[in-house]
Number of protein chains: 2
Amino acid sequence: MDIVIIGSGNVAAVLGRKFKAAGHKILQVVGRNASAASALAYELDTESANYMTLLNKNADVYIIAVSDDAIEKVITELELPGKVVVHTAAAVSKDILKNVTEHYGVFYPLQSLRKETSSLPDIPVFFEGNDEVAQKKLETLANSISSQTSTSTGDEYRLKLHVAAVFVSNFTNHLYALAESYCKKEGLDFRHLLPLIEETALRTRTTLPSQSQTGPAIRHDTETIEKHLELLKEHPRLKNIYTLLTESIQQSI
Amino acid sequence: MDIVIIGSGNVAAVLGRKFKAAGHKILQVVGRNASAASALAYELDTESANYMTLLNKNADVYIIAVSDDAIEKVITELELPGKVVVHTAAAVSKDILKNVTEHYGVFYPLQSLRKETSSLPDIPVFFEGNDEVAQKKLETLANSISSQTSTSTGDEYRLKLHVAAVFVSNFTNHLYALAESYCKKEGLDFRHLLPLIEETALRTRTTLPSQSQTGPAIRHDTETIEKHLELLKEHPRLKNIYTLLTESIQQSI
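The structure contained in this document is the topic of the report that follows. Everything quoted here is computed from the prediction, not taken from an experiment. (Residues numbered from 1 in each chain as written. Chains lettered and ligands numbered in written order. Predicted model: local features only at pLDDT ≥ 70, side-chain atom pairs only at ≥ 80, totals over all residues. Heavy atoms only, no water.)

**Observations concerning the interface of chain A and chain B**
Taken together, the contacts link 84 residues of chain A with 84 residues of chain B. Around 8,400 Å² of area is buried between chain A and chain B when both sides are counted, 67% of it from carbon and sulfur atoms. Across the chain A-chain B interface, the total number found is four salt bridges. Across the pair A:E186 and B:K160 runs a salt bridge whose closest N-O atoms are separated by 2.8 Å. At the level of secondary structure, the elements contributing two or more residues to the side of chain A that touches chain B comprise α5 (155-186), α6 (194-202), α7 (222-231) and α8 (236-252) of chain A. (Contact = heavy atoms within 4.5 Å. Buried area = accessible area lost by both parts, 1.4 Å probe. Salt bridge = Lys/Arg side-chain N within 4 Å of Asp/Glu carboxyl O. Helix = DSSP H or I, 4+ residues; strand = E, 2+ residues; numbered from the N terminus.)

Laid out in structure tokens, this is it:
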């Protein structure tokens, strides 16, 4: 397929690489950030533009991969009759695109994408078209870059996936960051924790997390919990989070 | 070395396998749980006993791998002069063993160990002996089973490591479990989240978590956060945790 990518951030870059690797042709990268757009265009062997007025109108599919609140700005006065136009946002309705074309939808990668990554991780893709033309084209596109594709069934479904993703990705990363800052303040080497971080994550492949909880909270090991809280008294934010998550673990049983 | 393992739970099983794989001889597994002790002894090609009175006195090193509060019971009336005796607990002082022998210490594996695992993950080991005899023997033992060994410098150091481990392992697993229960209630497939869980964890190999935070909280994307909280209104526990962790992420900037 011939594709135009609007945006030059993390999602634009990673999807662009995936499309290129799958043999699609990227006709253009459009982005306000001139250096990011031209760098991405160079990498994808195509040209870049910095204004929507310079948009190439000859693609089959237009991927709007910009931040949620920038979508509205991008599509002001945009008309692409006959084309398939999608955005990549979990939390934005596909209907925001209904005045752009008769074939629109969402192409949502459920992955924490960063353009700096050297590898291209496996990316589950949830797609959703408003009509059969969009649906078929998006299905083909999704299957060409991912082994894990699903049709999302409406805006709420995607938003729910996004909530779950925030818990397992954004919030776990924050726990890692809190441990990192704790280690730094206390003179410990954060790298000692890396095998533990990996093992805990990889265990979800074989065992449901509800079945593999370990630690002082689930054991109701009050003595250890009190020793930990004593150590955390100079770290009030960590102490709050420790207390709340310990209670939550104990309520889960 | 000739080793006796006291305990038959997760830590006992995984350390026992590591010792055996490194060429040490396990003389005996001692455990109150007769079936677990004999199963582990069978796996380690040795014999088991169910009472401390039957303890084999001919080993070089005794590993007490039982739950924190069981250590005291195990060592009642235990005397092993000339031997090296350690426990494996992060949150217990090594001095609890001072009446057992003149050479004692701690052998703490910083990993979430489960006996059901088929692979033997890499295990950072923190060891600490009360004198040179214990220190040297534990160093040799640790280096024989792990490429990541360190001397811990006192009980508080180990306890601090344990606090950090609770954040990156027990608490992250709980976030996974909350997402699992949310998915179940909302009809989503938790497995869709596995690539995201793995990518988030593996990223810590190359990027400090404080440098790789993503998501609506760090972007101060209030609109998305409010949509998420609206979805979570029937899940009060998740809503509380969502709110606290979102605030904490925003305070980190």
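**Description of the packing of α8(A) against helix α5 (residues 155-186) of chain B**
Orientation of α8(A) relative to α5(B), taken along the N-to-C sense of each, is 50°, at an axis distance of 10 Å. Relative to α5(B), the element α8(A) lies oblique. Crossing geometry of α8(A) relative to α5(B) is assigned as left-handed. Contact residues: A:L238, A:I241, A:Y242, A:L245, A:T246, A:S248, A:I249 and A:S252 in α8(A); B:V166, B:F167, B:N170, B:F171, B:H174, B:L175 and B:L178 in α5(B). Split by residue class, the contact of α8(A) with α5(B) holds 10 nonpolar, five polar and no charged. (Axes fitted to C-alpha atoms, helices over the stretch in contact; angles between N-to-C directions. Parallel < 35°, antiparallel > 145°, perpendicular 65-115°, else oblique. Left-handed = near helix turned anticlockwise from the far one by under 90°. Nonpolar A, V, L, I, M, F, W, Y, C, P; charged D, E, K, R; others polar.)

**A closer look at the environment of B:I64**
Residue and element names in this part refer to chain B. In this fold, I64 is placed in strand β4 (residues 61-64). As for I64 and E198, which are separated by 134 residues in sequence, their C-alpha atoms are 33 Å apart. Leaving out residues up to four positions away in the same chain, I64 has contacts with I6, V74, I75, V85, V86, H87, T88 and L97.

**Some words on the relation of the copies chain A and chain B**
It takes a turn of 180° to lay chain A on chain B, together with a shift of 0.0 Å along the axis; the resulting RMSD is 0.0 Å. The transformation relating the two chain copies, once decomposed into turn and shift, fits a two-fold axis. Taking C-alpha positions as reference, the residue of chain A nearest the rotation axis is A:T172, located at 2.7 Å. (Least-squares fit on C-alpha atoms with pLDDT ≥ 70 in both.)

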